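For reference, the chains in residue letters:
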Amino acid sequence: MDRTHVAACWEANAETWTQHARAGYDLYRDALNTPVFLANLPPIAGLRGLDIGCGEGGNTRKLAERGARITAIDIAPTFIRHGREAEAQAPLGITYLESDGTALPFADESFDFATAFMSLMDMHRQDLGIAEAARVLKPGGFLQFSILHPCFAPPNRKVLREGDGTVTGLLISEYFSDPAGAVEVWRFGAVPEHERAASAPFRVPVFHKTLSEWVAFIVAAGLVIEHMAEPRIDPETAAREPYLADTLMAPLFLHIRARKPAGA
Ligand SMILES: C[S@@+](CC[C@H](N)C(=O)[O-])C[C@H]1O[C@@H](n2cnc3c(N)ncnc32)[C@H](O)[C@@H]1O
């Protein structure tokens, strides 16, 4: 699947994704993934940052609220429209641009840091996504990104639950498969029944890569890994959101921060 088809899939997802994410149905993002990502983010106040694959901009705004001057890009125009509308209602100084993360419209060494919340894995060429992020970073700048965990969330991860929802195990397979953009159909797990009837599920092209392939992309881009995280819920969150208990069995997400050497 090429860039055009990926963009078309995400554009078709964007309206419902925005509504459902803003309604709080992306539980993994809101209760686990973003809080851990932000807890591990170095200070960014006053820095110029790029948020790659920003979606509707919920995470982008959290970066701006920390005092960074943010440019945010996404391949789907409807996401960019929603980001701009939010910016018009409550300005944070964010510039939203429709753009492809594998061919960024910025000069070399334009940004102090870059983030990519759960977007690099959705690109049709993750190697180019990382290389482009590295290119636009200033020497000494960092890229921090989250992805589905390559080892524990390959194309097939099934959470085994009992009737009351208790997680009893995971079935994980297809680690070495290359779906090459095969479309997965799903919704956020917390979407209530009445909203399911009113909206189509997401259609997401999948481009799984193994852990060693991800590391090879980072190395080829000239970046140096300095931090990794594998978020799991704490006991309080487990009590509040038992649906996320699969992350106690094996992580769903992998976070990496990699830096462009100062002398690069
Ligand atoms: C799982 S969503 C994450 C959205 C957002 N970062 C968040 O955390 O809510 C993945 C995003 O990557 C975007 N995306 C996919 N391929 C892209 C590409 N080549 N360039 C830019 N964005 C892309 C999609 O449009 C979508 O908004």
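In this report, the structure presented in the accompanying data block is examined.

Structural notes on the packing of helix H2 (residues 27–39) against helix H3 (residues 58–65)
Now for step 1: Two elements in contact, H2 and H3, have axes separated by 12 Å at closest approach and are oriented at 35°. The two elements H2 and H3 cross, and the hand of that crossing is right-handed. Here Arg29, Thr34 and Leu38 of H2 lie close against H3, whose contacting residues are Gly58, Asn59, Lys62 and Leu63.
Now for step 2: Partitioning the contact of H2 with H3 into residue classes produces two nonpolar, three polar and two charged.

What about the site of the ligand?
Now for step 1: Taken together, 20 residues form the shell around the ligand, and within it Gly53, Asp74, Asp100, Gly101 and Phe117 come nearest.
Now for step 2: In the environment of the ligand, an oxygen atom lies 2.6 Å from a nitrogen or oxygen atom belonging to the side chain of Asp74.
Now for step 3: Protein contacts shield 97% of the accessible area of the ligand, which totals 590 Å² for the unbound molecule.
Now for step 4: Sorting the residues of the shell around the ligand by element identifies helix H1 (3–22) and strand E2 (69–74) as the ones contributing at least two each.
Now for step 5: Looking at which element gives the most residues to the shell around the ligand, the answer is H1, with three residues.
Now for step 6: For the shell around the ligand, the per-class residue count stands at 10 nonpolar, six polar and four charged.

Describing the pairing of strand E7 (residues 167–173)
Now for step 1: As defined by bridge partners, strand E6 (residues 156–161) adjoins E7 across six bridges and the pair is classed as antiparallel. Bridge pairing in E7 places Arg157 opposite Ile172.
Now for step 2: Once E6 ends, the chain turns through five residues before running back antiparallel as E7, passing Gly165 with a positive phi of about 95°.

Let's talk about the side chain of Asp112
Now for step 1: Mapped onto the elements, Asp112 comes out in strand E4 (residues 111–117).
Now for step 2: In this view, Asp112 contacts Leu47, Arg48, Leu137, Lys138, Gly141 and Phe142; residues no more than four positions away in its chain are not counted.

Considerations on the sheet that holds strand E5 (residues 137–148)
Now for step 1: If you walk across this open sheet you meet the seven strands as E3-E2-E1-E4-E5-E11-E10, and the pairing is mixed. Two strands lie at the open edges of the sheet, namely strand E3 (95–98) and strand E10 (224–229), each paired on one side alone. Adjacent strand axes in the sheet meet at a mean angle of 20°, parallel and antiparallel pairs treated alike.
Now for step 2: With three bridges connecting them, strand E1 (residues 48–52) and E4 associate as parallel partners. Following the sheet pairing, Leu50 is matched in E4 by Ala114.
Now for step 3: Helix-sheet contacts for H3 involve E1, E2, E3 and E4, and the interaxial angle to E2 is about 165°.
Now for step 4: In the packing of helix H5 (residues 126–136) onto the sheet, the strands contacted are E1, E4 and E5, and the crossing angle to E5 comes to about 150°.

Let's talk about the nonpolar core
Now for step 1: Grouped together as the largest cluster of nonpolar side chains are 26 residues, with contacts concentrated most on Leu50, Ile52, Leu120, Ile130, Phe145, Trp214 and Leu223.
Now for step 2: Elements represented by at least two residues in this core include exactly E1, E4, H5, E5, helix H7 (211–220) and strand E11 (253–259).
Now for step 3: Setting aside anything within four residues of it in sequence, one finds Ile52 in contact with Ile73, Gly101, Ala114, Thr115, Ala116, Phe117, Ser119, Met123 and Ala133.

Thresholds, definitions, all that
Every chain is numbered on its own, with residues counted from 1 as its sequence reads. For this predicted model, a pLDDT threshold of at least 70 governs which residues receive local features, and a threshold of 80 or more governs which side-chain atom pairs are given and counted, while totals over whole chains, interfaces and linings are taken from all residues. As a rule here, side-chain values cover all heavy atoms of the structure and leave hydrogens and water aside. For every element, the axis is a line fit to its C-alpha atoms; helices are fit only across the contacting stretch, and the angle between N-to-C directions ranges from 0 to 180 degrees. Only DSSP runs of H or I with at least four residues qualify as helices, and only runs of E with at least two residues qualify as strands; both kinds are numbered from the N terminus onward. Note on convention: near helix rotated counterclockwise from far helix by under a right angle means a left-handed crossing. Clockwise means right-handed. Residue contacts are counted whenever heavy atoms from the two residues lie within 4.5 Å of one another. The residue classification treats Ala, Val, Leu, Ile, Met, Phe, Trp, Tyr, Cys and Pro as nonpolar and Asp, Glu, Lys and Arg as charged. All others, Gly included, are polar. We call a residue near a molecule or strand as soon as one heavy atom of that residue lies within 4 Å of the molecule or strand. In the analysis that follows, any N or O atom pair within 3.5 Å is treated as a polar contact, provided that within protein one partner can donate a hydrogen and the other can accept it, and provided that, for residues neighboring in sequence, both atoms belong to side chains. Accessible surface is estimated by sampling points in the Shrake-Rupley manner with a 1.4 Å probe; for residues, cover comes only from the protein chains shown. Strand pairing is defined by DSSP finding a minimum of two bridges between the two strands. Nonpolar cores were defined as sets of buried Ala, Val, Leu, Ile, Met, Phe, Trp, Tyr and Cys residues, with membership established by side-chain atoms within 4.5 Å. Using a 1.4 Å probe on the protein chains alone, a residue whose accessible area is under 20% of its type maximum counts as buried, one over 50% counts as exposed, and one in between counts as partly exposed.

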